[in-house]
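Examining the three-dimensional arrangement
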Amino acid sequence: MPFLQLDDARLYYEVHGPADAPPLVFAHGAGGNHLSWWQQVPHFSKGHRCLTFDHRGFGQSVETSGARGGAAFTDDLLALMDHVGMACATLVAQSMGGWTCLHLARRYPERVDRLVMCDTHGGVMSEEIGAAWMQGVNAMSALPPGVHPAAGMRMATEQPALHFLYTQINGLSAERAPHELMQILAAAGTLSPEAVAGITLPVLFIVGEEDMVIPPHVCELAAALFQSSKIVRVEHAGHSVYFERAAEFNVILDHFLR
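Report on the accompanying structure. (Residues numbered from 1 in each chain as written. Predicted model: local features only at pLDDT ≥ 70, side-chain atom pairs only at ≥ 80, totals over all residues. Heavy atoms only, no water.)

**Quick word on the environment of H28**
Inspection of the secondary structure assignment puts H28 in the loop between β3 (23-27) and α1 (41-44). When the C-alpha atoms of H28 and G98 are compared, they prove to be 8.5 Å apart, with 70 residues separating the residues in sequence. Apart from residues no more than four positions distant in its own chain, H28 is found in contact with N33, H34, S36, W37, F53, D54, H55, F58, Q94, M96 and G97. Within polar-contact distance, the side chain of H28 engages the backbone oxygen of G32 at 3.2 Å. (Helix = DSSP H or I, 4+ residues; strand = E, 2+ residues; numbered from the N terminus. Contact = heavy atoms within 4.5 Å. Polar contact = N/O pair within 3.5 Å; in protein donor to acceptor, adjacent residues only side chain to side chain.)

**A word on the pattern of salt bridges**
Scanning the model with the defined rule gives 11 salt bridges in all. A salt bridge links E158 to R245; the shortest N-O distance between them is 3.4 Å. Note that E158 is positioned in helix α5 (residues 153-158) and R245 in the loop between α10 (241-244) and α11 (246-257), a separation of 87 residues in sequence. For E158, a relative accessible area of 46% gives the class partly exposed. (Salt bridge = Lys/Arg side-chain N within 4 Å of Asp/Glu carboxyl O. Buried < 20%, exposed > 50% of the residue type's maximum accessible area, 1.4 Å probe, protein only.)

**Quick word on the pairing of β3**
Extensive coverage of β3 is indicated by the burial of 4 of its 5 residues. Two elements, β3 and strand β4 (residues 49-53), share 4 bridges in a ladder whose sense is parallel. Bridge pairing in β4 links V25 to L51. Sheet topology note: the β3/strand β6 (residues 89-94) ladder contains 4 bridges and is parallel. Each bridged residue has a counterpart across the sheet, and for F26 the counterpart in β6 is V92. (Pairing = 2+ DSSP bridges.)

**What about the packing of aromatic side chains?**
Applying the stated rule across the entire model yields 10 aromatic pairs. With a centroid separation of 5.0 Å and 40 degrees between ring planes, the pair formed by F26 and W37 is classed as tilted. Taken together, the residues span a long stretch of sequence, with F26 in strand β3 and W37 in the loop between β3 and α1 at a distance of 11 residues. Here F26 and W37 have matching classes, each one buried. Between Y166 and F243, the aromatic rings sit 5.1 Å apart at their centres with planes inclined by 85 degrees, giving edge-to-face as the arrangement. Linking Y166 in helix α6 (residues 160-170) with F243 in helix α10, this pair joins segments that are 77 residues apart in sequence. (Phe/Tyr/Trp six-rings, centres within 6.5 Å; stacked < 30°, edge-to-face > 60°.)

Printed below as a string of structure tokens:
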């Protein structure tokens, strides 16, 4: 199995697709790992060189005690891209992965062709975004026990097998309390509206209409701050559009890549 050994972490990754095809990177959220993209890799690897990986501390990626945690996410992805020879790639980020990819686009714009933000604001923060985000966080407390917030009530009731698979993939990472996940995101860092206003590359936001974790309005507020952005809302979907409505998600992404 392929690993990249760093000074303070060992990162698991996979590469699929033709070596000379356009590069495409998938960055998972806090509820997943490289397996989360099982419905995207077979589709997109036909015409793209796809990189999937586990963030440090998730899936099969580990870090030494006292390491940087979320603060190293962007550097880790840059190291992985260097390791596999991706000079520039389109980044597809879901939830927590948005922090990783948005910071990379901000710091190293020459390494990013396009950016796809799935159910995430990527740490862009303003008073209005923070208030809207907290409304979603508070609403999650109404979910019944056993329903994963990142999967949502609709997936649990309409597609129970898919919901089960989501929880199984999530279970491959260490169990973390909500406040521990927030600490990881805090370490990954925030960006001001002024910082993202300087990002000129094309940005696509894909959001689930029923997302409770990062409500659509949060992504709308974030998208409005970019110079070149588009937002697509997907009906009957929660926080994990790529997982719950994979066929629709793939069509949207295909169109953006073209």
